[in-house]
Amino acid sequence: ATDELGSKMKMAATAMVRGLLIACLLAQASGLVAREHETALQAPQPPQAPQPPAAPAPAPKAEPTYAPAPTPMPMITRMLKPILGNRVAGMGQHQWWVVIRTAIGWAVLLYGIWMWTWWLPSLYFRMYDAYEKENIDGRTFKQYLTYHFNYWMASGGISAMFQLLVIGILTLLTLGAFIYAIMMQDSPVRGLWLCTVWAFAASVDPAVTAMEGGVGMIATFGGLVLLAVLLTTISDFFAEQQRKSNEGRDPIVEGGHLVLLGLSSQTKQFLEELAICEANNAPKTVAILDTMPKSEIEEEIKRQNTKTGDLKIVCRNGLPSSAADLWKVGADVCSRIVILDEPSLPRDEADAITFGTLLTLRGQGNCGWPHGGHIAVQCCLGKNVTFMNNLYPGKTFVLSGERLGRLMVQSAQDQGLCPIFNAIIGFEGDEFYSSKAGDLGLAGKSFQEAPFWCEHTVPIGIRDSSGTYHINPEKSYKMKKDDEVILLAEDDDALVPLSKPMMDFEAWKMKFGSAKFEEADPNDNEVVRVLICNFTERGYGCAILFALDEMCGAGSECDIFCSLSEEDVMSIIKNAEEETERCLKNLKVKHIHTVPQHQMTSRHKINILQLKEYHFQFVLADAALGFQKADEQTVAMIIQMKTLLQESSPDVKFEPLVEVCTPNATLQLELCGIKNTINTISMMSKAMALVAIDTLAHGVLSDLLSATGNNMDITFLQDYLGKQPLPTQITFVEVAAMVNRAAQQVVIGWSERNEEGEQVWVVNPKNKVQPRAWTAEDKIVVIKDV
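Conventions we followed
Residues numbered from 1 in each chain as written. Predicted model: local features only at pLDDT ≥ 70, side-chain atom pairs only at ≥ 80, totals over all residues. Heavy atoms only, no water. Phe/Tyr/Trp six-rings, centres within 6.5 Å; stacked < 30°, edge-to-face > 60°. Helix = DSSP H or I, 4+ residues; strand = E, 2+ residues; numbered from the N terminus. Lys NZ or Arg CZ within 6 Å of the ring centre and 35° of its normal. Contact = heavy atoms within 4.5 Å. Buried < 20%, exposed > 50% of the residue type's maximum accessible area, 1.4 Å probe, protein only. Lys, Arg positive; Asp, Glu negative; His and termini not counted. Salt bridge = Lys/Arg side-chain N within 4 Å of Asp/Glu carboxyl O. Pairing = 2+ DSSP bridges. Axes fitted to C-alpha atoms, helices over the stretch in contact; angles between N-to-C directions. pLDDT = per-residue confidence, 0-100. Core = buried A, V, L, I, M, F, W, Y, C linked by side-chain atoms within 4.5 Å. Right-handed = clockwise from strand over helix to strand, strands pointing away.

**Brief notes about the packing of aromatic side chains**
All chains considered together, the criterion is met by 16 aromatic pairs. Where Phe-149 meets Trp-152, the ring centres are 5.9 Å apart and the plane angle is 45 degrees; that geometry is what we call tilted. Within this pair, Phe-149 and its partner Trp-152 are both found in helix H4 (residues 141–156), separated by three residues, close to a single helical turn. Positioned above the aromatic ring of Tyr-151, the side-chain terminus of Lys-312 is 4.3 Å from the ring centre. Lying over the aromatic face of Trp-750, Arg-772 brings its terminal NZ or CZ to 4.7 Å of the ring centre.

**Some remarks on the environment of Met-292**
In this fold, Met-292 is placed in the loop between strand S2 (285–290) and helix H9 (294–303). Along the primary structure Met-292 and Gly-262 are separated by 30 residues, whereas in three dimensions their C-alpha atoms are 9.0 Å apart. Each residue touching Met-292, except ones within four places of it in the same chain, is listed here: Leu-263, Ile-297 and Asn-317.

**A few points about the side chain of Asp-549**
Here Asp-549 is to be found in helix H16 (residues 541–551). Of the side chains with opposite charge, Arg-582 comes closest to the buried, unpaired Asp-549, at an N-O distance of 5.6 Å. If we ignore the near neighbours within four places in the chain, the residues touching Asp-549 are Cys-583, Leu-584, Lys-585, Asn-586 and Leu-587.

**Thoughts on the sheet that holds strand S3 (residues 312–317)**
One open sheet accounts for six strands, arranged S3-S2-S1-S4-S5-S6; its pairing is parallel. Where the open sheet ends on each side, the last strands, each with one partner, are S3 and strand S6 (396–400). Between one strand and the next, the sheet's axes are offset by a mean angle of 20 degrees, whatever the strand orientation. Packed on one face of the sheet, helix H8 (residues 267–275) meets strand S1 (258–261), S2, S3 and strand S4 (336–339) and runs near 170 degrees to S1.

**Quick look at the confidence of the model for the protein chain**
Taken residue by residue, the protein chain gives an average pLDDT of 84. The fraction at 70 or more is 82%. Considering only residues more than four positions removed or in separate chains, one finds that residues 27–38, a stretch of pLDDT under 50, has 19 contacts.

**Topic: the nonpolar core**
The biggest cluster of nonpolar side chains holds 129 residues, and the ones touching the most others in it are Phe-270, Phe-421, Phe-432, Phe-535, Phe-618, Leu-701 and Ile-780. Per element, the largest residue contribution to this core is nine residues, and it comes from helix H21 (residues 680–693). In contact with Phe-421, not counting residues within four places along its chain, are Leu-407, Met-683, Leu-701, Leu-704, Leu-705 and Met-712. Judged by nonpolar contacts, the second largest core, of 31 residues, contains Tyr-144, Trp-369, Cys-379 and Leu-391.

**Describing the pairing of strand S12 (residues 556–562)**
Among the seven residues in S12, six count as buried, and that is most of the element. When strand S11 (residues 529–533) meets S12, the two strands line up parallel, connected through five bridges. Counted as the bridge partner of Ile-532 is Ile-560 from S12. Running through H16, the crossover from S11 to the neighbouring parallel element S12 is right-handed. Both S12 and strand S13 (residues 587–594) contribute to a ladder of seven bridges, which runs parallel. Pairing of Glu-557 across the sheet is with Lys-588, part of S13. The β-α-β motif built from S12, the intervening helix H17 (residues 566–580) and the parallel element S13 has right-handed crossover chirality.

And the structure:
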């Protein structure tokens, strides 16, 4: 109430000051308008030159008389006479010039009055209101104004300088005109004209005497010197402020913004994903802190053609583990801090840097930084996830991408799994939302009943009152009023309760009887032979080896094709085994083909591989080469492999799992007939952007990316039917009933055919009661317990 009263009093005082100032100016001007009207329209009389003595008049002569020539009518009079009539018929060129000059003069004066009595005060109070709303502790309003002015100057460039010049000229002319009018009791329009002449031309009248002209020239010269000194001082001041802003030495005065610590190869994807977020609480200002100079950070972002949309990007130079540098980017008053992985560093070193940053943030003040936000962290080693969470409990939300190795193996077995996973993360398409069970009308119902009460969403889990996540909970779990149901939905408008279920599940179950899930082709414990290309220390090669070891039978073999030596490869694998405290049991690395980096795409080198003998091929991206170079190498290797396989064994299918770094590589591979691709950098960037906006995504993704949580799978519907025949027409509600009846799984989508007859994947079909044709080749997508 006090703040509201203070705000009203401030508005009333502002209006009063404006009114008094305008009244004074109008009172002063009203007495001068009459004089302007009376005197300005009079044509000036030329000075009378001295007349010589009159000579005797000659005798008059008879002269012929002629009628006087008519005075030409000014063009503007001819144009306005049809509109204004005879009132303007007698106005000459001089009178029109005075009228136009007077109109322009008053227009400029009124604009200057409006600028100083309305626009600038309104801008000032808007900035002050924004400063109070952001509640930026430890920063004064002066610092807030200085920071935003410097940012405007740095980002506006020539446009900002031109606006300042216009404001300065308008202020000088308006103020000078009214001072002249008050002091000389003359028209402010005449004062405006004289101020313009004095400001832009010499102040010496050529008609004055030599003495007065000399004094005027000396005064003018002195004024120019003083003006030059003043301009130099002002220029130096602004140059220093600009230098501070360009070098990133001035603090950021924002509130509720997002702080991104470190500039990595994932920054582009992260910023682009953040730019398309339409959540109400999404920050629109991103502060980047990196050891690189500010200008180089900005240049790198531009060089990558980062599509930032409406995001305001502010860069600063400093150490992420330095409290002073963290304060410089507003880490104490921000709403989110994001720490991304740097692929160019060894895993242990990257995590060690993150440890130091988290400790610095935790040690600030009584409750650590940020005061009212959270920290999203990307961890390199899965074993460090729990340690990072415990290092700064309550504010740290950690994700690790090691589970992507298992996802890549599953996608090699079931084509299409990677695109499906990519579809449910990020801000395009369906996202994770939550709503109270009571608001959805699900309180007291079991989770098995939930799908039939959600018309436009797919329920996948529960977040109970203690904050614990239960993804794919027990079917018998009774939802409480305060439990939050986690759903896949297109937007929050889809979270609406139904008055009755779309299906009576119990009646349907009694009609068709019970059934048990039996996977016809589980792809587990099979003896396989695998090829991994571009094996590196920071890549997903080791994660793929461990996932294969879990999912394949004893006696499986793996060949590695890379630029590393055999000793280096075995050292990397041994180090990974020690870090994860596990060893390869079912899978054996049989051959390591070492090839020089510049010959990785050579046909004769790739030809040493027995491509037709491999059940699965994984072509990874060597990100150390740079995204563009890595993709060029990957695409070239795929073309060579496909050509060699078609020449030697045209009947063998070539369906590798290919890791890419850019969307352009995905399009190029599609032209080659390769559609099973995964962009791990983009995928983790999307996941981190989701966690940065809402911690709900952390609970879901932690489970889906955990080695002990749930995972996604592509299965056939007939595996859930038991003795029930496969239907030819079916709805998504009926599919959900069949899965609920037979297994501890959640169905989230299915396959469809596009106009070209190609198989596409649809997550969360919007019309769940619309029947569609079903064949034995169609599949469903489920979340199931590992």
